[in-house]
Amino acid sequence: MKRRSFIKTVGTAGLATGALIAGAPAVHAQKKYRWKMVTTWPKNFPGLGTGANYLADIIDRMSGGRLTVKVYGGGELVPPFESFDAVSQGTAEMGHAAAYYWKGKSPAAQFFAAVPYGLNADEMAGWIHYGGGQKLWDGLYADFNLKPYAVGNTGVQMGGWFNKEINSVDDYKGLKMRMPGLGGEVIKRAGATVVNLPGGEIFPSLQSGAIDATEWVGPYNDLAFGFYKAASYYYWPGWHEPGTVLEAFVNKKAYDALPSDLQAVLDQAAKAAYNDMLSEFTARNNAALVELVQKHKVKLRKFPEAVLKKMAELSLEVVADAAQASPDSKAVFESFDNFRNQSANWNRIGEAGFSAARSLAIKS
Ligand code: CA
């Protein structure tokens, strides 16, 4: 009897204490945050637009509905390439894009999206989370009143769609190609005319002949876009984007106004979204590639070694020049370059070593 009443007493006291503790933040927890997310993608676009939707959805669910994010497709609230400014100024609390779109704001931003001959998807996550990348990125975007996150990765991309064969570097002379970021700068030095277009404008430009070639992402995304209807040669590998990071940026004032548990929700939702997008591309790319080749009769081509070698040389120059653009760029470049050298050493033994071994077990 004594024991039972003891438990009862403690139990009641525990309950009372628990209620008291839960009661105080419960008032605070009532506050709901309603955010807008502007994106550079067409609404619901497979992989990228849906990646933005996924991020918004898990933020909602992980926060128990205390932080909800309404997603706007490119052009719905602001034009795609005005997303950065819109979030910087507080028109929307959040944006979803790729950092190389903002090279005009800071050349260093490009290192957080894709670097030609740079890091693959796993290595980008490694650099950002464990190699000092996030700290540099936070510092860079703080100047624009933003907090950045890596929220997706396409994996290695394809080299692009061309309306003629690429047999030598000379074939780039006079070629009008859509290619963003540092990769665009590389082909410019090879003689191409580089055009930067948001996603929704690429297909009509290729179809009308306003551009001769474009890169976009990889088979899964490119099939959905219908590029095979406008160009017949599809080149690999995507030397210019070995593992492109999709970013979210959050208005710093809006971020600072969140209680710490909701900030933690954002931090973890970003990582979940990164892995989810990469998983989706990994799972869907090959089926899309097979469909492009077998059903749509796309001519799949590998870039000649001489072209890849020349692009590698030009990439070193372009990246070195970007590093000289500002003190920020120099610091980011040094961190990135150091990480790439270490990764290349381990990759040779690890992933690349395994890939070579696995090919021995695959019947072709
Ligand atoms: Ca791309």
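Chemist: Honestly, the sheet that holds strand β4 (residues 146–153) in this entry has me stumped. Any pointers?
Modeler: Whenever strands of a sheet pair, they do so through backbone hydrogen bonds, lying parallel or antiparallel. Here 5 strands make up an open sheet; going across it, the order is β2-β1-β3-β10-β4 and the pairing mixed. Two strands close off the open sheet at either side, each with one partner strand: β2 (67–72) and β4. The average undirected angle you get between the axes of adjacent strands in this sheet is 25 degrees. For strand β3 (residues 94–97) and strand β10 (residues 245–251), the ladder comprises 4 bridges, and the chain directions are antiparallel. Looking at β10, one finds that His96 is bridged to Ala248. This element, helix α2 (residues 49–62), spans β1 (33–39), β2, β3, β4 and β10 of the sheet and lies at about 165 degrees to β2. Strand contacts of helix α5 (residues 133–142): β4 and β10, with the helix running at about 130 degrees to β4, the strand carrying the most contacts.

Chemist: It is not clear to me how the sheet that holds strand β11 (residues 299–302) should be interpreted in this structure. Could you clarify?
Modeler: If you walk across this open sheet you meet the 6 strands as β7-β6-β8-β5-β9-β11, and the pairing is mixed. Since the sheet does not close on itself, it has two edges, and those belong to β7 (193–195) and β11, each with one partner.

Chemist: Explanation requested: the confidence of the model for the protein in the structure shown.
Modeler: Any residue range with low pLDDT should be treated as having predicted coordinates unsuitable for detailed reading. Scored by pLDDT, the protein comes out at a mean of 92, with 92% of its residues at no less than 70. Counting interchain partners and residues more than four positions distant, the pLDDT-below-50 stretch residues 1–20 has 0 contacts.

Chemist: In this structure, what is going on with the coordination of the calcium ion? I would like to understand it.
Modeler: For a metal bound by four donors in a tetrahedral arrangement, the ideal donor-metal-donor angle is 109.5 degrees, while six donors in an octahedral arrangement ideally sit at 90 or 180 degrees. All of the protein donors around the calcium ion are Gln157 (OE1), Glu215 (OE), Glu215 (OE), Trp216 (O), Glu241 (OE) and Glu241 (OE); their distances to the metal are 2.2 to 3.2 Å. Geometry at the calcium ion is irregular, judged from the 6 donor atoms that bind it and their angles of 44 to 164 degrees at the metal. In primary-sequence terms, the residues that donate to the calcium ion follow Q-x57-E-W-x24-E. Placement of Glu215 in the loop between β8 (213–214) and α8 (219–225) and of Glu241 in the loop between β9 (233–236) and β10 is noted, with a sequence separation of 26 residues between them. Each member of the pair, Glu215 together with Glu241, is buried.

Chemist: Mind showing me how you'd approach the packing of aromatic side chains here?
Modeler: For any pair of aromatic rings, geometry is given as the distance between the ring centres together with the angle between the planes. Under the defined criterion, the tally for this structure stands at 29 aromatic pairs. Judged by centre distance (5.4 Å) and plane angle (70 degrees), the rings of Tyr100 and Tyr101 are edge-to-face. Judged by its relative accessible area of 7%, Tyr100 is buried. Taking the centre distance of 5.2 Å and the plane angle of 85 degrees together, the rings of Trp127 and Phe336 count as edge-to-face.

Chemist: Just to check I follow, could you spell out the packing of helix α12 (residues 327–349) against helix α13 (residues 351–358) for this structure?
Modeler: Packing of α12 against α13 brings their axes to within 3 Å, and their N-to-C directions diverge by 25 degrees. Classified by the interaxial angle, the pair formed by α12 and α13 is roughly parallel. In this structure, α12 uses Asn347, Arg348 and Ile349 to contact α13, whose residues at the interface are Glu351, Ala352, Gly353 and Phe354. Among the residues making up the contact of α12 with α13, the classes are represented as 3 nonpolar, 2 polar and 2 charged.

Chemist: Help me understand a nonpolar patch on the surface, please; the structure alone is not making it clear to me.
Modeler: A cluster of nonpolar residues, Trp236, Val293 and Leu300, forms a patch on the protein surface that exposes about 220 Å² of accessible area. For Trp236, the position within the fold is in strand β9. The partly exposed category is assigned to Trp236, whose relative accessible area is 37%.

Chemist: Sorry, what's going on with the pattern of salt bridges here?
Modeler: Should the charged atoms of two oppositely charged side chains come close, the side chains can pair. Counted under the stated rule, the structure contains 19 salt bridges. Among the ionic pairs, Lys105 bridges to Asp85, the shortest N-O distance being 2.7 Å. Pair noted here: Lys105 is in the loop between β3 and α4 (121–130) and Asp85 is in helix α3 (residues 83–89), with a separation of 20 residues, a long-range link. Looking at Lys105, the relative accessible area reads 36%, which means it is partly exposed. The partner of Lys188 in a salt bridge is Glu185, and the shortest N-O contact between them spans 3.6 Å. Residue Lys188 and its partner Glu185 are both found in helix α6 (residues 181–189); the two are separated by 3 residues, about one turn of the helix. For Glu185, a relative accessible area of 23% gives the class partly exposed. Through salt bridges with shared partners, a single ionic network connects Glu185, Lys188, Arg189, Glu317 and Asp321.

Chemist: Would you mind going over unusual backbone geometry with me for this structure?
Modeler: Between Trp236 and Pro237 the backbone carries a cis peptide bond, its omega angle lying at -5 degrees. Considering the arrangement of structural elements, one finds Pro237 in the loop between β9 and β10. Its identity is not glycine, yet Asn44 carries a phi of approximately 65 degrees, on the positive side. The residue Asn44 is located in the loop between β1 and α2 in this model. Phi at Lys297 takes a positive value of approximately 55 degrees, unusual for a residue other than glycine. In this structure, Lys297 sits in the loop between α10 (260–294) and β11.

Cut-offs applied
- Residues numbered from 1 in each chain as written.
- Predicted model: local features only at pLDDT ≥ 70, side-chain atom pairs only at ≥ 80, totals over all residues.
- Heavy atoms only, no water.
- Pairing = 2+ DSSP bridges.
- Helix = DSSP H or I, 4+ residues; strand = E, 2+ residues; numbered from the N terminus.
- Axes fitted to C-alpha atoms, helices over the stretch in contact; angles between N-to-C directions.
- Contact = heavy atoms within 4.5 Å.
- pLDDT = per-residue confidence, 0-100.
- Donors = N, O, S within 2.8 Å, 3.2 Å for Na, K, Ca; no water.
- Tetrahedral: all angles 85-135°; square planar, octahedral: opposite > 155°, others 65-115°.
- Buried < 20%, exposed > 50% of the residue type's maximum accessible area, 1.4 Å probe, protein only.
- Phe/Tyr/Trp six-rings, centres within 6.5 Å; stacked < 30°, edge-to-face > 60°.
- Parallel < 35°, antiparallel > 145°, perpendicular 65-115°, else oblique.
- Nonpolar A, V, L, I, M, F, W, Y, C, P; charged D, E, K, R; others polar.
- Patch = residues over 30% accessible without salt bridge, like charges linked within 9 Å, V, L, I, M, F, W, Y side chains within 5 Å.
- Areas by Shrake-Rupley, 256 points an atom, 1.4 Å probe, with all protein chains shown as cover.
- Salt bridge = Lys/Arg side-chain N within 4 Å of Asp/Glu carboxyl O.

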